[in-house]
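# Summary of structural features
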Amino acid sequence: MNITRWTSRPQSASDDGDFRYDVLRSSKTGIRLVQLQPGTGTRAISINLIESYVTGTSRVQYDALSYTWGSGARDKNIFCNGKRLPVTRTLWEALNRFRSPTEELTLWIDQICIAQDWLKERSAQVQLMGEIFKGARKVIVWLGDDSHDSRAGMQLAQQLLHISLYQQVSGLGPSDLETHGLPRQGHKRWKALAQILRRPWFWRTWIVQEVVLNPHVDLVLGTKSLTWEELERVVALLDGPLPRVWQIDQAITASELPFSRINRIRLRHQQLIATSVTRIQSDELLDSAPQSQSQVYSEPQYYDGDTDDAPDLLDLLLMSRDLGATDPRDKVYALLGLGNHDIYPDYTMSPESVFSEFALHTIGLVTAMIERETSAQGLTPLDNTLSCNTREVRRALILMSCAGRQNQSLKLPSWVPDWTTNLRSRPLIFGLNLFGQRHRRFSAGGDRLGVFDWSPDHGLQLCGRLFDTVLAVGNVKLDQDLLEASPATAHERIAAWWQEAQHISHIRIVRSPGSTGFTDAFELMRRSLSICKHGYYDPRSPNHHNYIPQRRNSLLDETDITAQPGHSALHTLTLGPTRGRVVFVTATGWVGIAPYGTQAGDVVFVIMGADAPFILRPCGTDAYEIIGECYVQGIMSGEAMEMDWLGVVDIMIR
């Protein structure tokens, strides 16, 4: 008897029980939507995945889900069109929370609606993300399940909301708590609310676009929820009225709750839509609003002739720099739906390439302007008359001021910002904004730009004056990590910085050229920067005609690291010019402050048109790399540009 032995055919994608994506019918406007099927309890989560469009009459109505991916591991299974589909635990929890016992719910969810492993589709869908969130009926934010007394925190938020709505209270201090039946400061309910406002969702770069573009946002935690506007009222009671000033300076916004920073972008976006005014006009409207305590930190508009009706992408990158992204490329791509740009997502590029391309685009706008001007007038690049206050030039100079080796962890050219790291110090290009006094900008490089070009073979070409060489430099570091230490530790480090600074400036040089007749340069610098042995301070008294109270501590703060009135470790380690910088002296006796990590032998270079000088480090023949901006007492108002004996030289930055 002959028995034929049968072997099973190879298993196909349709047979293995796992869901497989089909290519979208329209690569330009097509999207997928999740139809979450009814269910309760332990019943498996089931969805149908359908196609729709971001525009057109045939588009299906949907809500957009905003959440955190968590660890990124897809260790939970759901059923999609009858097939098994792995998802992250946080998404599984959200689907389980939002599914109805009786009704189907239509959602857009990035993890499911985008074939994440198809880089071409992923790039195209990210380009549509702004339209996707803008077109949703509402955005549903999943903050997660209850944990760490979060129920007590949400109950306190509801109590604060009731006070705001029905008792017409705009701000609360520690002395007001008992009057309103609230727990004392430091109580576990306050800690629970603080933990809610610092949940991982608030620190995602993607959420900026997700909540700014849609006016209807619901935040859900466990079984409780608040609208975005309701949470805005709660935070206003804690920190005072929310900021209404457009602020791109990350150092100033660093001490805020991330909610406040994101809300500032949201308010600006709504203002622009409501009024259809130009960017400068919108700033005037915002600045004319009733002044809040947070306007102590206002930053004036730094572009001239800016008539755009949306924030520049560089502005958004600066404001969101310390927000996180699992994929470094999303530090840029997650903001594309908000700003003016001509950038298209491309996930085949490395993070270094994405950051470099953005920087090159910014530099290229200036190079093109110089070429047009010089060609039309028959001038050399050095003879161009381009003002450093031109919008494109200011943007390029700000870009360089936020770069430098001190601010990089990725392998990038030294003039390209690394958006995955926080700024080690507040850029001097933002000038001095001392507790609400009139904004004061430096002008070390004068008011006209010089040679400004880039080539793939040599790098960035700039011109200016090679001012001096670093002779001695300090090594006591002041940074924001000290805010996590005890107040005593913070003040001890500030005092040590001051002691070292005095030693270097007084022992290593006899008299600095930056001194005046009766006052040495170090004392002049101390006065100019408002620093002393206690740190960065408010030089004005409460009786001063321009006095604005400092932004009070939040009711969520458990400690106050202010040594004495007028001196604040918080301001020193966030706003202060000494954060991330050390005192240095040059070979000819000039004194100043430079990025931590500056070495003897580095050079001080004054770029034509730049607000502050730069510390450069030689790297190869006739080439340098940027370490960062520096302050030199006696040349911050253009004095070096009048020292003709120094000569103007071209340098290459790599």
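Going by the structure above, here's the rest.
Residues numbered from 1 in each chain as written. Predicted model: local features only at pLDDT ≥ 70, side-chain atom pairs only at ≥ 80, totals over all residues. Heavy atoms only, no water.

## Considering the pairing of strand S3 (residues 63-66)
To keep it simple, the criterion reads: When accessible area is computed with a 1.4 Å probe and restricted to protein chains, residues below 20% of their type maximum are described as buried, those above 50% as exposed, and intermediate ones as partly exposed. In this description a helix means any DSSP run of H or I spanning at least four residues, a strand means any run of E spanning at least two, and both kinds are numbered starting from the N terminus. For two strands to pair, DSSP has to find at least two bridges joining them.
Side chains Asp63 and Leu65 of S3 all project onto a buried face; the interleaved residues Ala64 and Ser66 project onto the opposite face, where all are buried too. The pairing of S3 with strand S7 (residues 139-144) spans 3 bridges and is classified as parallel. When the bridges of S7 are listed, Ala64 appears paired with Val139.

## Notes on helix H4 (residues 150-166)
Filter applied, for reference: In a helix, the anticipated span is given by 1.5 Å times the number of residues less one.
Taking 1.5 Å of rise per residue, 17 residues should cover 24 Å, and H4 covers 24 Å from first to last C-alpha, within 8% of that figure. Within the span of H4, buried status applies to Ser150, Gly153, Met154, Leu156, Ala157, Leu160, Leu161, Ile163 and Ser164. One or two steps after H4, the chain reaches Gln168, where phi turns positive at roughly 55°.

## Remarks on the packing of aromatic side chains
What counts here: Two rings belonging to Phe, Tyr or Trp (six-membered ring only in the last case) form a pair when the distance between their centres is within 6.5 Å. Interplanar angles under 30 degrees mark stacking, angles over 60 mark edge-to-face geometry, and anything in between is tilted.
For the structure shown, the criterion picks out 11 aromatic pairs. On the basis of an interplanar angle of 75° and a centroid distance of 5.2 Å, the ring pair of Tyr333 and Tyr347 is categorised as edge-to-face. Here Tyr347 lies in the loop between helix H12 (330-333) and helix H13 (351-377) and Tyr333 lies in helix H12, a separation of 14 residues in the sequence. Considered together, Tyr333 and Tyr347 belong to a single accessibility category, that of buried residues. Pairing Phe358 with Trp419 gives two aromatic rings, centres 6.4 Å apart and planes at 70°, and the pair type is edge-to-face. Here Trp419 lies in the loop between helix H14 (391-401) and strand S10 (452-455) and Phe358 lies in helix H13, a separation of 61 residues in the sequence. Looking at Phe358, the relative accessible area reads 5%, which means it is buried. When its relative accessible area of 1% is taken as the criterion, Trp419 is described as buried. Site record: aromatic cluster; members linked through ring pairs are Phe19, Tyr21 and Trp118.

## As for the pattern of salt bridges
The following threshold applies: Here a salt bridge means any side-chain nitrogen of Lys or Arg lying within 4 Å of a carboxyl oxygen belonging to Asp or Glu.
Overall, the coordinates contain 22 salt bridges when judged by the stated rule. With its nearest N and O atoms 2.8 Å apart, the salt bridge here joins Arg84 to Asp18. One end of the pair, Arg84, is in strand S5 (residues 83-87); the other, Asp18, is in the segment before strand S1 (30-36), and 66 residues separate them in sequence. Residue Glu131 is joined to Lys134 by a salt bridge in which the shortest nitrogen-to-oxygen separation is 3.6 Å. Of the two residues, Glu131 and Lys134 are both situated in helix H3 (residues 119-135); the distance of 3 residues between them amounts to about one turn of the helix. For Glu131, a relative accessible area of 39% gives the class partly exposed. Ionic contacts of the salt-bridge type, sharing partners, join the residues Arg122, Asp327 and Arg329 into one network.

## Focus: the side chain of Gln111
The condition that has to hold: Residues adjacent in sequence count toward polar contacts only when both atoms are side-chain atoms; beyond that, a polar contact is any pair of N or O atoms within 3.5 Å, and within protein one must be able to donate a hydrogen and the other to accept it. The contact criterion used throughout is that any non-hydrogen atoms of two residues lie within 4.5 Å.
With respect to the helices, strands and loops of the structure, Gln111 is situated in helix H2 (residues 110-113). Judged by relative accessible area, which is 2%, Gln111 ranks as buried. A distance of 2.8 Å separates a polar atom in the side chain of Gln111 from the backbone nitrogen of Thr88. Contact partners of Gln111, with chain neighbours within four places excluded, come to Tyr21, Tyr67, Trp69, Arg74, Val87, Thr88, Leu91 and Gln116.

## Considering the nonpolar core
Spelled out, the test is: For this analysis, a nonpolar core means a set of buried residues of the types Ala, Val, Leu, Ile, Met, Phe, Trp, Tyr and Cys, connected via side-chain atoms within 4.5 Å.
Counting residues in each nonpolar core, the largest one holds 134 residues, and the members touching the most others are Trp108, Ile112, Leu160, Trp190 and Met400. If one sorts the elements of this core by residue count, H13 sits on top with 8 residues. With sequence-adjacent residues up to four places away left out, Met400 is seen in contact with Trp415, Phe452, Leu460, Leu462, Ile607, Phe614 and Ile626. Ranked by size, the runner-up nonpolar core spans 31 residues in total, among them Leu432, Leu573, Val591 and Ile593.

## As for the sheet that holds strand S9 (residues 224-227)
Selection criterion: Angles shown run from 0 to 180 degrees and are taken between the N-to-C directions of axes, each axis being a line fitted to C-alpha atoms and, for helices, limited to the stretch in contact.
Taken together, 9 strands build an open sheet; the order of strands is S5-S4-S2-S1-S6-S3-S7-S8-S9 and the sheet is mixed. On the outer flanks of this sheet lie S5 and S9, each paired with one strand and no other. Between one strand and the next, the sheet's axes are offset by a mean angle of 35°, whatever the strand orientation. Note: strand S2 (residues 46-53) against strand S4 (residues 76-80), 2 bridges, orientation parallel. From the neighbouring strand, Ile47 faces S4, where its bridge partner is Cys80. Contacts from H3 reach S1, S3, strand S6 (105-108) and S7, with the element oriented near 70° to S1.

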